[in-house]
Each structure stands twice: as C-alpha cells, then as structure tokens.
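Commentary on secondary and tertiary structure
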Amino acid sequence: MSEHFSVERGLFDDVMVPNYAPSAVIPVRGQGSRVWDQQDKEYIDFAGGIAVSALGHCHPALVGALKEQGEKIWHLSNVQTNEPALRLAKKLVDSTFAEKVYFCNSGAESNEAALKLARRWALDVHGADKSQIIAFKQGFHGRTFFTVTVGGQAAYSDGFGPKPGDIDHAEYNNLDSLKALISDRTCAVMIEPLQGEGGIVSPTDEFIKGVRALCDQHNALLIFDEVQTGVGRLGELYAYMDLGVTPDILTSAKGLGGGFPIGAMLTTTEIAKHLKIGTHGSTYGGNPLACAVSEAVLDTVNTTEVLAGIKAKAKIYVAGLNAINAKYNIFSEIRGKGLLIGAVLNENYQGKAKAFLNAAMDEGVMVLVAGASIIRFAPSLVIPDEDITLGLARFEKAIASLV
Ligand SMILES: *Cc1c(COP(=O)(O)O)cnc(C)c1O
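About the cut-offs
The numbering scheme is per chain: residues are counted from 1 as the chain's sequence reads. pLDDT decides what is reported in this predicted model: residues at 70 or higher carry local features, side-chain atom pairs at 80 or more are listed and counted, and totals for whole chains, interfaces and linings draw on all residues regardless. Water and hydrogen atoms were dropped before computing side-chain values, which therefore reflect all heavy atoms in the structure. Two strands pair if DSSP finds at least two bridges between them. Per the convention used, a helix needs a DSSP run of H or I reaching at least four residues, while a strand needs a run of E reaching at least two, with both numbered from the N terminus. An automatic or database domain assignment is the source of the domain bounds shown. Contacts are assigned to residue pairs that have any heavy atoms within 4.5 Å of one another. Here the quantity called buried area is the accessible surface, traced with a 1.4 Å probe, that two parts lose on coming together, added over both. In what follows, salt bridge is the name for a side-chain nitrogen of Lys or Arg lying within 4 Å of a carboxyl oxygen of Asp or Glu. Classification convention: Asp, Glu, Lys, Arg as charged; Ala, Val, Leu, Ile, Met, Phe, Trp, Tyr, Cys, Pro as nonpolar; all other residues, Gly among them, as polar. Only protein chains enter the calculation, and the probe is 1.4 Å; a residue is then buried if its accessible area is under 20% of its type maximum, exposed if over 50%, and partly exposed in between.

**Considering the sheet that holds strand 15 (residues 374–377)**
Strand order in this open sheet of four strands is 11-12-15-14, and the pairing throughout is antiparallel. The open sheet terminates on both sides in strands that have one partner only, identified here as strand 11 (331–337) and strand 14 (368–369). The sheet contact formed by strand 12 (residues 340–345) and strand 15 spans four bridges and is antiparallel. Each residue of the ladder has a partner; that of Gly342, found in strand 15, is Arg376.

Pasting the structure below:
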C-alpha cells in the first residue's frame, strides 16, 4: 500500500534535483488540447509538452494502442526483436529516404547514435583522420555530453570537464562560415532543418542546399536533427521533404511517440552497415510499448488530411497573432513553419518572454519560450480550430495584463 500525503508544487523543491524551475501549477489530466490542474482549472495547450504531444492528450488511437500492447508484452530487450518495432521500422522506411532504423528512447540518444555512426563510418571508409564534426551556433541536439557539445551553446556544455573533441561550430544561414571550417577531414555536419530551441530560425533555400553541396564535395555525412521538426510538425512528415535536400542520417524523437518516450535514427543500408553487432545499443530501445504507440502516431499523422490540416491551422495562428500585434504592437516578427511558430518580442519587450508565459498560464493557456525574447507555439497537430481561437483570446488577455 502506498502512503498518502499531499503532493504539492512545494514538494518539488524538497525532493527533486534543482535543475528545473517548473511552474506553480501541477497538471493532472488532459484531453485533446485541454489540460486541467490540481484545482481543476482548465488550460488550452499551445505548448504540446515541447512539441511532443503531436496528437494532444489521450488521443483514442494512442490510448488504444497502449492498452492493447500493455496486455500483450511490455519489454524484451534486444536479445529478441518484437512485432511493434518491426512494424514501425517498416513504416518509417516506407515513408522516408531511409532503408534502416535504430530505435532508442529520446532525442539526445538518437543524435548520440547518429554521431557515433558517423564517426564509425568515417573511420572504416576514410581513416582515423576524418573525425571533425561541424554543427551550428544556437543549435540544440540534446544533453548527453557528446550531443550537448555538438550543440551550439557552450554554456550548456561548460563545467563538466574535458569535452569530446574535434567539434566545430559554424553560423546558421551563413554558408561562408561553413566553407571556412569544412574540409576532407570533416566526418559529418549536424543541423536542424529549422532551429527550434535556438529561436525558430528557418534555413534559407540557398543555405540548406549549399550545406548539402559542401558535404558532397568533402565526402561528409549530412545529419538532419529532426527531433523537433519531424513527424508532421512543419506540415510534411519530415522537414527535409519540403527542402529539396535529403540527409544521409535523420534523427527523430519528440512527436514520434506522441508523449511516450522513443527516439529513432534513420539512414541508408550503406551507412548503417558500419554500426556492426555490438558497436552500439540500448536496453529499452525498440521497446514494444513505445513502438506500438509510435506506430499509431505515425498512422494518424501521415495522412493527407492531417498534414494539410497542419498548414491550415498554422494560418489561423499567424492571422491571430498578427491581429493581436496590430492592437498591442509587441512583436517584431511572427516566424516559423507549420505548427512550430515563434512570436519575436520587439525591442520594448526584450527578455520578457517568460513573463508572458506566466501571464498566459494565469489566463489559462500554456505557451513556450525559445530563448528570453521569443514566445513559441508547438500545439497538437490536430488541435481543434475553436481551441486555437479560444487559446489566442486567452493569450491576448495575458498580453493586455502586461502592456
Ligand atoms: C528536444 C531536442 C533534442 C533533445 O531531445 P531529448 O528527448 O530531450 O533528448 C534534440 N534535438 C532537438 C532539435 C530538440 O529539439
């Protein structure tokens, strides 16, 4: 029997490691794009658990998949394979450039696998000298020591002792800065096809195609980190599909599980073969529960209706945010793509994004920030239009309370 005591926000400070600063309320249940806290106050969810809850909360297809698999088998490890993992891998292969899939449990792990695979590929095919990894300033790739060092904010990787080596950073949307670093020693270039955490920054057409061309010229692998942009977020199943550029390795997580932890690394047979038996692994990777839920996510998102719906809903957001801006003049730009939208605070409100997030919570709408001066929206890909309208009305009230 579990002991009962009151579970309140204050308990966090007593018993949790202090690496997060969660908001004052504790949500306890959700349905679609609405969430309720311990006091039964309702929130419209424009945050989506940071672009994770791709189909909102408790979507019936996902609940059904979880319950069905939950009564069959939960876990096997990789000593055996399992049906949900094989089904999911087949569907990912059939719907992307990839021919092979590796499963893990998070975005960082999928990037860790991609980087280790790239290093193995380079060692096997070209020799030990080809080990340089280039990524981009303001980029984000996760919090393992390798991925956080590849990420473009030294502040996140400083203070943990000697870092993994031979990692350099170019400037996003600046092809010359990549040209200055890349050479035949470059093993891989890792890039987000739209920088998420770094401020909702889209690549220019010239830049992203130029990155591919430079990788080809120097026999370097191009790794797309689609942890945030993948699984419909930008309006295509994966962002690369709309860019005219195909990566050699693609990583996926966040929305892929719709709230159940899963990560995947996708690549070609030719590259995958360098991750030989025993070179890499994960106890939980390809877990049947995660893969069963993820298959339901993929089946639901990868349809013409849902993908077209994302683009239509994005227009409602942009129009709504522009209308708010016309009244209050607080944004310098509304940017992003699909349902990953950034509202950039203008010079009068620099550094205030967190204050707007808190005011929005008070009014009953959950939003995100991306840095100190950008308010980020990453809602369910199937959020009802009326929830967008209601949530934006609440967001407007929050703004009115601050300006
Ligand atoms: C969130 C994120 C990650 C890290 O994912 P985790 O599941 O937190 O490890 C990596 N890359 C990008 C682009 C992300 O947005």
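**Looking at unusual backbone geometry**
Look at Asp166: it is not a glycine, yet its phi comes out positive at around 60°. Considering the arrangement of structural elements, one finds Asp166 in the loop between helix 7 (154–157) and strand 6 (167–170). At Asn173, a position not held by glycine, the phi torsion is positive, near 65°. Locating Asn173 in the fold gives a position in the loop between strand 6 and helix 8 (175–181).

**Some words on the domain arrangement of the protein**
On domain assignment, one finds that the protein holds domain 1 (9–58 + 304–402) and domain 2 (73–301). If you average the C-alpha positions of domain 1 and of domain 2, the two centres end up 27 Å apart. Residue-level contacts link 25 residues of domain 1 with 23 residues of domain 2. Together domain 1 and domain 2 conceal approximately 2,100 Å² of surface at their shared face, both sides included; 61% is due to carbon and sulfur atoms. Joining domain 1 to domain 2, the criterion identifies three salt bridges. For Arg376, the salt bridge identified is with Glu197, shortest N-O distance 2.9 Å. Listing elements by their share of the side of domain 1 that touches domain 2, those giving two or more residues are helix 2 (48–51), helix 12 (304–328), strand 11, strand 12 and strand 15. Counting residues per element, the side of domain 1 that touches domain 2 draws most heavily on helix 12, which supplies four residues. Its residues assigned to classes, the side of domain 1 that touches domain 2 shows 16 nonpolar, five polar and four charged.

**Section: the environment of Gln39**
Turning to its location among the elements, Gln39 is positioned in the loop between strand 2 (34–37) and strand 3 (42–45). In this structure Gln39 comes out as exposed when scored by relative accessible area, which is 62%. Remark: the alpha-carbon pair of Gln39 and Pro27, spanning 12 residues in sequence, is separated by 9.0 Å.

**A look at the pattern of salt bridges**
Overall, the coordinates contain 26 salt bridges when judged by the stated rule. Between Asp124 and Lys276 there is a salt bridge, with the nearest N and O atoms lying 3.4 Å from each other. Of this pair, Asp124 sits in helix 5 (residues 107–126) while Lys276 sits in the loop between helix 10 (269–272) and helix 11 (288–301), and the two are 152 residues apart along the sequence. Asp124 gets classed as partly exposed once you look at its relative accessible area, which sits at 38%. With a shortest N-O distance of 2.6 Å, Lys163 and Asp158 are connected by a salt bridge. For Lys163, a relative accessible area of 34% puts it in the partly exposed group.

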